[in-house]
Amino acid sequence: MRSATMGRTRFRLPKYFLGCLSALCLGFVSPSLQAQQISTQESNLVVPQRIVVLVNDEPISAYDVVQRLRLTIASIGGIEDEEQLARLQEQVVRNMVDDKLKLQEAAGFELIISDEEAESAFARQAASFNQTTQQFEDYLARLGITKQAYLDQMKPEIAWGELVNGRLGRFANVAQEEVEQELARIESSAGQPEYNLSEIYLIVDNPSREADVRQSAERIVEQIREGANFAGFAQQFSQSSTAAAGGDMGWVTPDQLSPVLAEAVANLSVEGVSEPIRLAGGYYILLLKDRRRVLEADPLDMELDVRQIFMPVTAETTEDQQLAFFDTLDSMRPEMTSCDDIPTYASKLGVPDAGPLGKLRLRDLPGSLRTILEELEMQTPSQPARMEDGYRVFFVCDRTVPEVAMPEFDQIIDQLERQKLAMMARRYLRDLRRDAIVDYR
């Protein structure tokens, strides 16, 4: 049954708590080390089961916090100093409080996530890293993280997803008129910019926390710009429904964003990360992964049918042999006008016909190769490209421009329902925080 106990949440961590936990964690995770460098010896130490937080009378122990802290450090790519560790700890504890509230709310509706369900999610996570479950478990152990700690982090998100869908899903239904309006909006937006975005959203649930959340957001931006993993930060810290997917928002148009966010994105370069953006409720950090125009084919999505001629270069290959290849190639260029005759060209050049590379999308190619193929005239040879194993002469034998179609009706329904459900989920968690009793010891 749901508890009738209500109260006001106290989210500001006492200074003595941070200091005590810092001392405990620094015995396990040296701030100067990346997560991958945590020694096996450290992982075998035993952390006292001291209770540091009570969430509606349910405990979170120091051991739990250290395990989650290790997992967070591994996700974001490491920490640099003790100050950063202290900030990280505070955010980790808040996340664990949220997780406890999610599990408590789910339990109130007799929704309990078993180890077996978490194990299935664990196996899927391992597969996403091309590892077996045992390999993934061994990897975590090398970081000083127990498998159970990983399962314990997965359970709240599984439970929350099921709870939100079960309780609120029916309220996220989309009417036919809404879908038609969205389709009309997309059609009217043809040619307008569209952005592939990821987000990190940090809630300011108490005015007294404004400065703390702002500092956390600024530090996250700084670390990401220095090479830390955006998706890892999103999974660990973002309080949006996109957190489980590494913050992925998919493709959005400016009119689907608030004017402030739209302006910030318009000024970003691809792979750029915004400064913290203050909106009602909290701070947003955005990553621009790609941009295109609505209902227009992106040139980078063009598919090329590519073949090549290969001149291997080994330690025995002389400079004269290489020059002879270049001279012969130059003299043959006027007659090299057909992909069908590539084997003949290769034979005259005295090198192998390396055959087709298959269908390649420009977007997926390395920058140097993309530059060569993007403007290369059809059925003609490129200039020799020097690579590790030799020289390659490329031919573009066909170009296919992708067709751009309006989204399907069902796709629009799914998108709008997810947007509605995400908004309701944020409000739901906000209410749980407001009514919780959180006591730091």
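All figures in this text were calculated on a predicted structure; none of them were measured in a lab.

One open sheet holds the 4 strands; their spatial order is β8-β7-β10-β9, and the pairing between them is antiparallel. Two strands bound the open sheet, and with one partner strand each, they are β8 (353-361) and β9 (385-387). Averaged over all neighbouring strand pairs, the angle between strand axes comes to 35 degrees, with direction disregarded. As judged from the 3 bridges shared by β9 and strand β10 (residues 390-400), these two strands associate in the antiparallel manner. In the sheet register, methionine 387 faces β10, and the bridge partner there is glycine 390. Across the sheet, helix α12 (residues 319-332) lies against β7 (303-312) and β10, angled at about 30 degrees from β10, the strand it touches most.

The next subject is the state of the cysteines. Per the stated rule, a full pass over the model turns up 1 disulfide. In this model, cysteine 339 is linked to cysteine 397 through a disulfide, with the two sulfur atoms separated by 2.1 Å. Taking the sign of the S-S torsion, -95 degrees for the link of cysteine 339 and cysteine 397, the bridge is left-handed. In this pair, cysteine 339 is assigned in the loop between α12 and α13 (342-349) and cysteine 397 in strand β10, connecting sequence segments 58 residues apart. Each member of the pair, cysteine 339 as well as cysteine 397, is classed as buried.

Definitions and limits used
Residues numbered from 1 in each chain as written. Predicted model: local features only at pLDDT ≥ 70, side-chain atom pairs only at ≥ 80, totals over all residues. Heavy atoms only, no water. Pairing = 2+ DSSP bridges. Helix = DSSP H or I, 4+ residues; strand = E, 2+ residues; numbered from the N terminus. Axes fitted to C-alpha atoms, helices over the stretch in contact; angles between N-to-C directions. Contact = heavy atoms within 4.5 Å. Disulfide = S-S within 2.5 Å. Buried < 20%, exposed > 50% of the residue type's maximum accessible area, 1.4 Å probe, protein only.

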